[in-house]
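In case you want the letters, here they are:
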Amino acid sequence: MNTLKEIYLGNTIQAWLIALTIIVGCAIILTIVKKIVAARFSAFAKKTATELDDLVATLLQRIRFFFLLALSIYAGSFALTLSHQAERVLQSAVVVALLLQSAIWGNSIITFWLTRTVKQKIQEDAASATTLSALGFISKLVLWSVILLLALDNLGVDITALIAGLGIGGIAVALALQSVLGDLFASLSIVLDKPFVIGDFIIVDQFLGTVEHIGLKTTRIRSLSGEQVVFSNSGLLKSRIRNYKRMFERRVVFTVGVTYQTPYDKVAAIPGLIREIIEAQPLARFDRAHFKEYGDSSLVYEAVYYVKAPDYGLYMDTQQTINHEIFRKFQELKIDFAYPTRTIFINQGAREFEESGKKKER
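Reading the values: the criteria
Residues numbered from 1 in each chain as written. Predicted model: local features only at pLDDT ≥ 70, side-chain atom pairs only at ≥ 80, totals over all residues. Heavy atoms only, no water. Phe/Tyr/Trp six-rings, centres within 6.5 Å; stacked < 30°, edge-to-face > 60°. Buried < 20%, exposed > 50% of the residue type's maximum accessible area, 1.4 Å probe, protein only. Helix = DSSP H or I, 4+ residues; strand = E, 2+ residues; numbered from the N terminus. Pairing = 2+ DSSP bridges. Core = buried A, V, L, I, M, F, W, Y, C linked by side-chain atoms within 4.5 Å. Contact = heavy atoms within 4.5 Å. Axes fitted to C-alpha atoms, helices over the stretch in contact; angles between N-to-C directions. Parallel < 35°, antiparallel > 145°, perpendicular 65-115°, else oblique. Left-handed = near helix turned anticlockwise from the far one by under 90°. Nonpolar A, V, L, I, M, F, W, Y, C, P; charged D, E, K, R; others polar. Salt bridge = Lys/Arg side-chain N within 4 Å of Asp/Glu carboxyl O.

Caption draft 1: Quick look at the packing of aromatic side chains. Taken as a whole, this structure holds 12 aromatic pairs when the rule is applied. Pairwise contacts between aromatic rings join Tyr260, Phe291, Tyr294 and Tyr301 into one cluster.

Caption draft 2: Local environment of the pairing of strand E10 (residues 299-307). In terms of burial, E10 is largely enclosed, as nine of its nine residues are buried. Side chains of E10 alternate between two faces, with Leu299, Tyr301, Ala303, Tyr305 and Val307 and Val300, Glu302, Val304 and Tyr306 buried alike. Summarising the sheet, strand E8 (residues 250-258) and E10 pair through nine bridges and their orientation is antiparallel. Counted as the bridge partner of Val252 is Tyr305 from E10.

Caption draft 3: Focus on the nonpolar core. One finds Phe254, Ile274, Ile278, Tyr305 and Phe330 to be the most contacted residues of the largest nonpolar core, which totals 23 residues. Going through the elements one at a time, E8, helix H9 (264-279), strand E9 (284-294), E10 and helix H10 (312-332) are the ones with two or more residues in this core. The element contributing the most residues to this core is H9, with six residues. In this structure, Ile274 is in contact with Phe254, Ala289, Tyr301 and Ala303, ignoring residues within four places of it in sequence.

Caption draft 4: Structural view of the sheet that holds E8. Sheet architecture is open: three strands sit in the order E8-E10-E9, paired in antiparallel fashion. Every other strand in the sheet has two partners, leaving E8 and E9 as the edge strands with one partner each. Taken over all neighbouring pairs, the strand axes of this sheet differ in orientation by 20 degrees on average, direction set aside. Against the sheet, H10 contacts E8, E9 and E10, and its axis sits at roughly 25 degrees relative to E8.

Caption draft 5: Representation of the pairing of strand E5 (residues 218-223) within the structure. Burial of the side chains of E5 is restricted to one face: Thr219, Ile221 and Ser223 are buried, whereas none of Thr218, Arg220 and Arg222 on the reverse face is. Bridge count between strand E4 (residues 207-214) and E5: five bridges; the pairing is antiparallel. Residue His213 lies in a different strand from E5, and its bridge partner there is Arg220. The turn linking E4 back onto E5 is made up of three residues. Direction of pairing for E5 relative to strand E6 (residues 228-232): antiparallel, over a ladder of five bridges. Looking at E6, one finds that Arg222 is bridged to Gln228.

Caption draft 6: Region of interest: the packing of H9 against H10. At a minimum axis separation of 10 Å, H9 and H10 run at an interaxial angle of 140 degrees. As far as their axial angle goes, H10 and H9 are oblique. The way H9 lies across H10 gives a crossing that is right-handed. Across from Ile270, Leu273, Ile277 and Ile278 in H9, the residues of H10 making contact are Ile322, Glu325, Ile326, Lys329 and Phe330. In terms of residue class, the contact of H9 with H10 is made up of seven nonpolar, no polar and two charged.

Caption draft 7: Focus on the pattern of salt bridges. With the rule as written, the count across this model stands at seven salt bridges. Among the ionic pairs, Glu249 bridges to Arg285, the shortest N-O distance being 2.5 Å. Remark: Arg285 occurs in strand E9 and Glu249 occurs in the loop between strand E7 (241-243) and E8; sequence separation between them is 36 residues. A salt bridge links Glu325 to Arg328, with the nearest nitrogen and oxygen atoms 2.8 Å apart. Separated by three residues within a single helix, Glu325 and Arg328 lie in helix H10, roughly one turn from each other. Judged by its relative accessible area of 35%, Arg328 falls in the partly exposed class. The network of salt bridges with common partners includes Arg288, Lys292 and Glu302.

Shown next, in the form of structure tokens:
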């Protein structure tokens, strides 16, 4: 009994045994409770369609033993009489354990969000999934950097000079990698704002083609002639982009010219005739048809309609059918299409002068 009352490091051996018992008991109880709660919550999460409970189950499973041990040691310390310095060390150790556990939870949340988003994007936009993976890596890097700085600060390390050094180094790296970082942030802007996605047909300045790949630095377009055109992401966002995949309908304007010899009644009937032909097409929405102007060699009619689908092939099929019908109707009504002609005017006086000169030569 006297042995238990011996003082060691400011506390009796009996107090140390009580503290050890509390530590071991708390560690065992917390470990068992964690396993039971995590298992039951995981089983419950599998029965539901929501994903939030899956995240909670994952977070419960990610509770590490060092965190439970730190809590157990902190609980056991209440049975001891510790110096102010020992209490500070213990509190710092518990806070560092809490920070590490928070980092693990934060890492799990980022991974969960990333996995969920990539599954949604992988089918429709594989490039976005790749960029999101890079964004997830950057997020994890920032998270662990912040946790490390907080842990060092809690341990008494002066992080002011460290942050200042990192800031100066970061500026130097940013200046050296200015174009690369510009393309990286432009890639994130493309993914988040979505001016276009893989498969869209776009026109950039004089280049046109289908978006084939959206990377961290470049975007690649397959042109109509077959070659691949590569743009830097930052340069691409500075350009005027026309996205034809986003069209809901296509506006079409075309003209028809007939000869000046066409009778007036047929001239007046042509706009209505064109309207009937366009309205008969299932994918066409008629807008207008007018006798536009007197051309150099024809009477010009202008017609406007909308194709109710953005597909270029459907537009060409519709226009071809309209052209066939106009040709057939004009043939039935004996209306002649105009074609370019050239009229030559000869001055009669000049002709007589030329003929008299030829006679003198003879």
